[in-house]
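Residue-level structure breakdown
Residues per chain, in single letters:
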Amino acid sequence: MSRPLTTTLAAVALAATGTLAAGTGASASADAGAGPARAAACNGYVGLTYDDGPSGSTPAVLSALTRNGLRATMFNEGQYAASNPSQVRAQVNAGMWVGNHSYTHPHLTQLGQSQIDSEISRTQQAIAAAGGGTPQLFRPPYGETNSTVRAVEAKYGLKEIIWDVDSQDWNGASTDAIVQAAGRLGNGQIILMHDWAANSLAAIPRIAQGLAARGLCAGKISPQTGRAVAP
């Protein structure tokens, strides 16, 4: 498909979905007003996720997502939420959802239950204190989990979220490869990306174009099913 046609399709889809609200308070009313149009434009929803924030890269990621009419789930580390509270608020104000990605990004399956509890509970507290709300979603570092990790998640009412597609941005994947990875997403599926990865930032406009061309929209991740659904 030629780039002009893809761009046109993206513009049409974005126009149909409406402009994202800048804040959470406005977001609910904007969603209510744009709901029918959004539903008509979207044949399915995918979950865009960014791990390891917030960081110095967060403003650029949020700006690119917003410019391209995309929303995403930001799986934040507690230590960074505590040291960058303004960026947690910025994530929420940009219409993103905030999830728990542990406090220090350890290999949780190598820790005892009390240590796992500390990693998860401190992150819940740090994100809430920063204005990110109380997370309902948890992504274990490296996607490593076991029955002990899941028991602690359940204690805090968290839904464990892994991924269907790994962008490999953490492994030096090119922008082209990340765009191609996003192109493999199907309805309800989730892609792993990272807040700090420059190539994932560069891929955002093309990811938006590719989704629009396939009639897919960026959705939220359901804390009930763990799948991407309509916002």
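Higher on the page you've got the structure.
Residues numbered from 1 in each chain as written. Predicted model: local features only at pLDDT ≥ 70, side-chain atom pairs only at ≥ 80, totals over all residues. Heavy atoms only, no water.

1. Some points on the pairing of strand β7 (residues 190-194)
Counting buried positions along β7 yields five of five residues, so the element is predominantly enclosed. With burial as the criterion, each face of β7 is covered, one bearing I190, L192 and H194 and the other bearing I191 and M193. For strand β1 (residues 44-53) and β7, the ladder comprises five bridges, and the chain directions are parallel. In the sheet register, T49 faces β7, and the bridge partner there is L192. Two strands pair when backbone bridges link them, and strand β6 (residues 165-166) and β7 are joined in this way by two bridges, in the parallel orientation. If you follow D166 over to β7, its bridge partner there is L192. Taken together, β6, helix α8 (residues 175-182) and β7 form a β-α-β motif whose crossover is right-handed. (Buried < 20%, exposed > 50% of the residue type's maximum accessible area, 1.4 Å probe, protein only. Helix = DSSP H or I, 4+ residues; strand = E, 2+ residues; numbered from the N terminus. Pairing = 2+ DSSP bridges. Right-handed = clockwise from strand over helix to strand, strands pointing away.)

2. Quick look at the packing of α8 against helix α9 (residues 198-213)
Relative to each other, α8 and α9 sit at 50 degrees, their axes nearing to 8 Å. Classified by the angle between their axes, α8 and α9 sit oblique to one another. Judged by the twist between their axes, the crossing of α8 over α9 is right-handed. Contact residues: α8 offers T175, D176, I178, V179 and A182, while α9 offers N199, S200, A202, A203, R206 and I207. Classifying every residue of the contact of α8 with α9 by side-chain character gives six nonpolar, three polar and two charged. (Axes fitted to C-alpha atoms, helices over the stretch in contact; angles between N-to-C directions. Parallel < 35°, antiparallel > 145°, perpendicular 65-115°, else oblique. Left-handed = near helix turned anticlockwise from the far one by under 90°. Contact = heavy atoms within 4.5 Å. Nonpolar A, V, L, I, M, F, W, Y, C, P; charged D, E, K, R; others polar.)

3. Describing the packing of aromatic side chains
The tally for this structure, following the rule as stated, stands at zero aromatic pairs. Sitting above the plane of the Y103 ring, R122 keeps its charged end 4.1 Å from the centroid. (Phe/Tyr/Trp six-rings, centres within 6.5 Å; stacked < 30°, edge-to-face > 60°. Lys NZ or Arg CZ within 6 Å of the ring centre and 35° of its normal.)

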